[in-house]
Amino acid sequence: EELRDVLDPTGELTKQKIENNHKTLQELFKLKKKLEKQKTTIEEKAERSTVRTLWGLATTGVLNGVLIARLTWWDLSWDIMEPVTYLLTFGSSIVILAYFQASGLDFSYSVL
């Protein structure tokens, strides 16, 4: 920069820089609004996808439990203790997953 730019006795260069910065700032605000709309759309799609996936997993788990129970107690008559403990553990996992899904909390130990 020249000495004239630094001193700027009339203030014209300073006004011009302020105007340029103001225009740039306005353009950036417009871009920010556009990007915030895109972010909101992406977050909504991600939320729907996550909810759908978690409920799908819960449904699959319940169906798995029902199938194991059916095979254990009606069709095949397996030894009773191993399947019972499996189903109790598996069932508690499904209950915990359903709780977190219904309450909308993060699935982490810190929430407990």
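A quick note: this is a predicted structure, and the numbers were derived from the prediction, not measured.

Draft legend 1. Quick look at the overall build of the protein chain. Looking only at helices and strands, the protein chain has 3 helices and 0 strands in total. In the protein chain, the succession of α and β elements from N to C terminus is α-α-α. For the protein chain, the proportion of its 112 residues judged to be buried stands at 13%. Contacts in the protein chain between residues at least 24 apart in sequence constitute 37% of all its contacts with a sequence separation of at least 6. Carbon and sulfur atoms form 63% of the exposed surface of the protein chain, whose accessible area is close to 9,600 Å².

Draft legend 2. Inspection of the confidence of the model for the protein chain at higher detail. Confidence in the prediction of the protein chain, expressed as mean pLDDT, is 83, and 88% of residues score 70 or more. The spread of mean pLDDT over the elements of the protein chain runs between helix α1 (residues 3-7), the lowest at 68, and helix α2 (residues 12-75), the highest at 89.

Draft legend 3. Broad picture of the pattern of salt bridges. This structure, assessed with the given rule, holds 2 salt bridges. In this structure, the salt-bridge partner of K39 is E43, at a minimum N-O distance of 3.1 Å. Placement of both K39 and E43 in helix α2 is noted, with a separation of 4 residues, approximately one turn of the helix. Owing to a relative accessible area of 45%, E43 belongs among the partly exposed residues under this scheme.

Draft legend 4. Highlighting the packing of aromatic side chains. Summed over all chains, the structure comprises 2 aromatic pairs. Their ring planes at 15 degrees and their centres at 5.6 Å tell us that Y86 and F90 sit as a pair that is stacked. With Y86 and F90 both in helix α3 (residues 81-103), this residue pair falls 4 residues apart, about one helical turn. Given a relative accessible area of 37%, Y86 falls into the partly exposed group. On the numbers, 5.3 Å between centres and 75 degrees between planes, the contact of Y99 with F100 is edge-to-face. Given the relative accessible area of 47%, Y99 is considered partly exposed.

Draft legend 5. Focus on α2. Compared with an ideal rise of 1.5 Å per residue, which puts 64 residues at 94 Å, α2 spans 91 Å between its outermost C-alpha atoms and is within 8% of the ideal. What α2 keeps buried is the set A58, G61, G65, I68, A69 and T72.

Draft legend 6. Representation of a nonpolar patch on the surface. Together, L28, L31 and L35 give the surface a local cluster of nonpolar side chains, amounting to about 270 Å² of exposed area. With respect to the element layout, L35 can be found in helix α2.

Cut-offs and rules
- Residues numbered from 1 in each chain as written.
- Predicted model: local features only at pLDDT ≥ 70, side-chain atom pairs only at ≥ 80, totals over all residues.
- Heavy atoms only, no water.
- Helix = DSSP H or I, 4+ residues; strand = E, 2+ residues; numbered from the N terminus.
- Buried < 20%, exposed > 50% of the residue type's maximum accessible area, 1.4 Å probe, protein only.
- Contact = heavy atoms within 4.5 Å.
- Areas by Shrake-Rupley, 256 points an atom, 1.4 Å probe, with all protein chains shown as cover.
- pLDDT = per-residue confidence, 0-100.
- Salt bridge = Lys/Arg side-chain N within 4 Å of Asp/Glu carboxyl O.
- Phe/Tyr/Trp six-rings, centres within 6.5 Å; stacked < 30°, edge-to-face > 60°.
- Expected span 1.5 Å × (residues − 1).
- Patch = residues over 30% accessible without salt bridge, like charges linked within 9 Å, V, L, I, M, F, W, Y side chains within 5 Å.

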